[in-house]
Structure formats: structure tokens, C-alpha cells
Amino acid sequence: MDYLVLFLDSLCLLVGHGVMHLIFIGRLTGKKLNGWYFAAYVLLLSAIQFISSSLVLDGTLPVGAGVLALYALSRLGMGNQRSVSWLAAVLSYYVSQLSFGIVNSVEAALFPRFIGSPLFYPLFLAAQLLFFALCAGCYYAVLKLLSWTGDGRTPYIGLLLFPGLFFFAAELYILQTAYSFFAPTVSLEEVGKHSTLLLLQVMGLAALLCTLYAYRRLCQGLQARAALQSLTQAAQAQKVYIAEAQARYERTRAFRHDIKNHLAVLDGLLRNGAPEEGRAYLKKLEAASEALSLPCRTGCPVVDILLEEKLGLAKDIAAEVSLTLPRSCGIDDLDLCVLFANALDNAVAACRSGGGAKAIRVSGSRQGDFYLLAFENTCPEDPLPPAGTGLSNIRAVAEKYHGAVLAEKTGGRFSLSVLLNLSV
């Protein structure tokens, strides 16, 4: 029996801790795992186990040393942030200790009556398998509720360390005080005691999962609030473009209204034999007409103004626009402003961050009830940064019109495709 227990304990050490801990941290932080991580961690755990057995140390000290070893591997080996490394190490050990405690509650209530029976060995092995299954299930639940990202979507993640430490300390106390040995006989009082401890540990797991769920909802609320603020600011800024477009078209309308008078003046100058004065007057009309015309004509005044504003400020960037928007496309002017303003801002910023030739191309095509907008621009060879607020705003507009967004990077060129449903 001693050899079986030794084998199962070693298996628990190597698989339950050495493998599952590192897989959990890798999934939690999104880092790829190397073979030397497992070798180094198993070696550290073996050394801690040997020293604690030789010195007959209290169980809390080896667990603390294991948490420190896991933190060091996450922080120094994987390059994770300090707060994330601490939280990942504590959660890894808490889940494994909690799974061990739940299985111990069942063992303490049921196993003593099978001591000396042939069923004891299969039951002991089944308990170890139950530990692995329960540990993997708890890790999966934690990962579903918590996934750390370095793009600001999981702020204040270090605050989760405090409730994690509380649950961890409570679980260690239960393990050290309630499961130091099996009672030789199973009384009704012992069964009630271990059932209560089992219930407390399950409640501890539920409390942890509820805490992680509340944190995830908090992060989602903060993201929604930031997106709403960004959209509000964008809408306020786009109102300026709309007002400018309306004013420009009012001036154009007034010019067209007076065109008959201008033509009458030209006719009078030519009939009176004053061609030079007529040419001068004509040049003034051409200048006034040029001031009113837009370099890009898409069929939408708001988009024309945006293109003139954004591309006019980027005179060092070669721009090509082949776009004609349907007159009755059903897309709100504010949504068009949000879409084009963010796409052009991102394109201009990407062009200026790279060297060499700089170019932006905007095109559009319609197929039935769908309209595809394409933005292409030069960009650096470096990997793309995480999606920012601008792309999130574009996705929000696309989702509003039951469309989709596709962003791709090939070498030094970036392309953004936005599909909109015009029948919405």
C-alpha cells in the first residue's frame, strides 16, 4: 500500500501540479509554454517535496514555497506582469488545493470503513482520478470567467489577488486542521462534520466564481462606458462636419442662384466690345466656383467634407478615392461620419508611422442590398497593435447595419473592409 500511495502522490505532484498549473497559467495569460517550463517547475516541486519531507515541515510552508516557485516561473520565465503572476500562482494552487480538499471530504467520510477491504485500492485510485477531473473542471470554469489581456480590457486585475488569497488561506486552514488523519471508525458525527466541510469548500468555490463573474461584468461595463464616451465625442465632432457640409452646399446653392446675373454681366461685356474685362470677370467666377467645389464627390455631402478635411491635412500622402455612395442608402449621416472619420484617421496615422511611399486608397462597390467599403493604406512592417477605439467604433456601426468588418495586413499594406446592409 505504501508503494501505491507513493506512486499516486508522485503522479499527483507531476501531473496535478507540474502540468496542470502551467497549462492553466499559459491559458490564463495567453502565453505559449515551452518544455523547459515543465522540467524546471517539476524539479522545483520535487526539491520542495524532498526538503519538506526531510525536515518534517508543516504543510503550509511547502505550499507557500510552491506558490513562490510558480510565481517566479510566470514572472521571469513567461514574462507576465507582477500582479498577473501573483494572481495566476494563487489561483492555480487554490484550485488544486480546493479540489484536493473536496476529494478529502469524501475520502474521510467513506474510506475508513473500507480499510483492509479489496475495494480500498480501486476506491483510492478513483479518488485520484476524481481529483484530476475536478481540478480540470474548476480550471476551465475560472478560465471561462477570467482571461487576462494586455490591451486595457482587464483593468485592476491585481485587486482579485486579495479575495483569491482569502479563499486560499481558508482552504489551507481546512486542510491542515480537518484532514490530518482518518478516523478509525465512521460515526454519524464524523459524517456530518465532513459533509459540512464539503459544503463550505463548495461554497468557497462558488464565491470565487461569483467574484470572477462580477469582475468580468465590471470590465464589460467599463468597456461599454468607454465606447459610449468615444461614440458621443465622435458624434459631437461629426456634427461640426455636417454643419460645415450644409453651409458649403448653401453657398453653392446661392452661387447657382446668382449664376444668371453673372452670365448677363459677361454677355454685356462681350456685346460692348470689352473681351479683356470679360475674361477677367470669368476668371473671378472660376475662382469662386473652385472655392465651392470639393475634390472628392461621392454623392454624400458629409463624406465629401470628411474626405476633404482628412486628406487635405495629409498632403504628404498620395490619396485615391473611387467611391460613389447611393443617394438613398439608408445609412445615417452620423454613422457615416463615425465610419469614415475613424477609418481615415487610422489610415493617416499608419501611413505616417512608416517610411517610404505613403498612400491611401478608398473605394466602394454595391451588390444588391449590400455595400462594401474598402480602405487601403501603407503601414510599417511591424505587427499590428491591439485594436483600439477607432476600430471598435467602426465595428459598432457595421453591427448596427447587420454588416461585418475585416482587417488584414499583408507586408507593408493594411486593408480594412466594411460590409453594410443597406436594407436595414
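As shown above, the structure is provided for reference.
For the structure given in this document, a descriptive report is provided here. All figures in this text were calculated on a predicted structure; none of them were measured in a lab.

What counts and how
Residues numbered from 1 in each chain as written. Predicted model: local features only at pLDDT ≥ 70, side-chain atom pairs only at ≥ 80, totals over all residues. Heavy atoms only, no water. Core = buried A, V, L, I, M, F, W, Y, C linked by side-chain atoms within 4.5 Å. Buried < 20%, exposed > 50% of the residue type's maximum accessible area, 1.4 Å probe, protein only. Helix = DSSP H or I, 4+ residues; strand = E, 2+ residues; numbered from the N terminus. Axes fitted to C-alpha atoms, helices over the stretch in contact; angles between N-to-C directions. Parallel < 35°, antiparallel > 145°, perpendicular 65-115°, else oblique. Left-handed = near helix turned anticlockwise from the far one by under 90°. Contact = heavy atoms within 4.5 Å. Nonpolar A, V, L, I, M, F, W, Y, C, P; charged D, E, K, R; others polar. Expected span 1.5 Å × (residues − 1). Salt bridge = Lys/Arg side-chain N within 4 Å of Asp/Glu carboxyl O. Pairing = 2+ DSSP bridges. Patch = residues over 30% accessible without salt bridge, like charges linked within 9 Å, V, L, I, M, F, W, Y side chains within 5 Å. Areas by Shrake-Rupley, 256 points an atom, 1.4 Å probe, with all protein chains shown as cover. Disulfide = S-S within 2.5 Å. Phe/Tyr/Trp six-rings, centres within 6.5 Å; stacked < 30°, edge-to-face > 60°.

**Some points on the nonpolar core**
As a rule of thumb, nonpolar side chains are buried together in soluble globular proteins. Among the nonpolar cores identified, the biggest contains 51 residues, and Y41, Y93, L146 and F168 are the most heavily contacted of them. Taken together, the elements giving at least two residues each to this core come down to α1 (2-29), α2 (35-55), α3 (60-77), α4 (82-110), α5 (120-145), α6 (161-178) and α7 (188-257). Looking at which element gives the most residues to this core, the answer is α4, with 12 residues. By size, the runner-up hydrophobic cluster in this structure holds 41 residues, among which are C329, F375, C379 and F414.

**Remarks on the packing of α4 against α5**
Direction vectors running N to C along α4 and α5 enclose 140°, while the axes themselves pass 9 Å from each other. Our classification of the angle between α4 and α5 gives oblique. At the point where α4 passes α5, the crossing takes the right-handed sense. Listed contacts from α5 to L91, S92, V95, S96, S99, F100, I102, V103 and E107 of α4 are A127, Q128, L130, F131, L134, C135, C138, Y139 and V142. Considered class by class, the residues forming the contact of α4 with α5 number 13 nonpolar, 4 polar and 1 charged.

**Focus on the packing of α2 against α3**
At a closest axis distance of 10 Å, the pairing of α2 and α3 adopts a crossing angle of 160°. One element, α2, and the other, α3, form an angle in the roughly antiparallel class. Considering the relative orientation of α2 and α3, their crossing is right-handed. Seen from α2, the contacting residues are W36, Y37, Y41, L44, I48 and S52; seen from α3, they are P62, A65, G66, A69, L70, L73 and G77. Among the residues making up the contact of α2 with α3, the classes are represented as 10 nonpolar, 3 polar and no charged.

**Focus on α5**
The terminal C-alpha atoms of α5 lie 37 Å apart, and with 26 residues this matches the ideal 38 Å at 1.5 Å per residue to within 8%. Among the residues of α5, those classed as buried are F120, F124, A127, Q128, F131, F132, C135, C138, Y139, V142 and L145.

**Observations regarding the pattern of salt bridges**
A full pass over the atoms with the stated rule returns 4 salt bridges. K310 serves as the salt-bridge partner of D345, at 3.0 Å between the closest nitrogen and oxygen. With a gap of 35 residues between them, D345 in helix α11 (residues 333-353) and K310 in helix α10 (residues 301-312) connect regions that are remote in the sequence. Among the residues examined, D345 registers a relative accessible area of 36% and is labelled partly exposed. For the salt bridge of D316 with R352, the shortest nitrogen-to-oxygen distance reads 3.8 Å. Taken together, the positions of D316 in the loop between α10 and β1 (318-322) and R352 in helix α11 put the pair 36 residues apart, joining distant regions of the chain.

**Focus on the pairing of strand β5 (residues 413-421)**
Consecutive side chains along a regular strand alternate between the two faces of the sheet. Pairing of strand β3 (residues 370-378) with β5 involves 9 bridges; the strand directions are antiparallel. Each bridged residue has a counterpart across the sheet, and for Y371 the counterpart in β5 is L420. Pairing of strand β4 (residues 404-410) with β5, which is carried by 7 bridges, proceeds in the antiparallel orientation. Bridge pairing in β5 places V405 opposite V418.

**Topic: a nonpolar patch on the surface**
Taken together, the side chains of F50, I51, L55, L57 and L61 make up a nonpolar region of the molecular surface, amounting to roughly 530 Å² of accessible area. Of the residues forming the nonpolar patch, the biggest block, 3 residues, is contributed by α2. For L57, the position within the fold is in the loop between α2 and α3.

**Digging into the state of the cysteines**
Using the criterion set out here, one finds 0 disulfides in the structure. Left unpaired, C135 is separated from the closest cysteine sulfur, that of C138, by 6.9 Å.

**Observations regarding the packing of aromatic side chains**
Per the counting criterion, the structure on display carries 8 aromatic pairs. With centroids separated by 4.5 Å and ring planes inclined at 65°, the aromatic side chains of W36 and Y37 adopt a geometry described as edge-to-face. What makes W36 partly exposed here is its relative accessible area of 47%. When its relative accessible area of 6% is taken as the criterion, Y37 is described as buried. In textbook terms, an aromatic cluster arises when at least three aromatic residues are bridged by ring pairs, as seen for Y94, F166 and F167.

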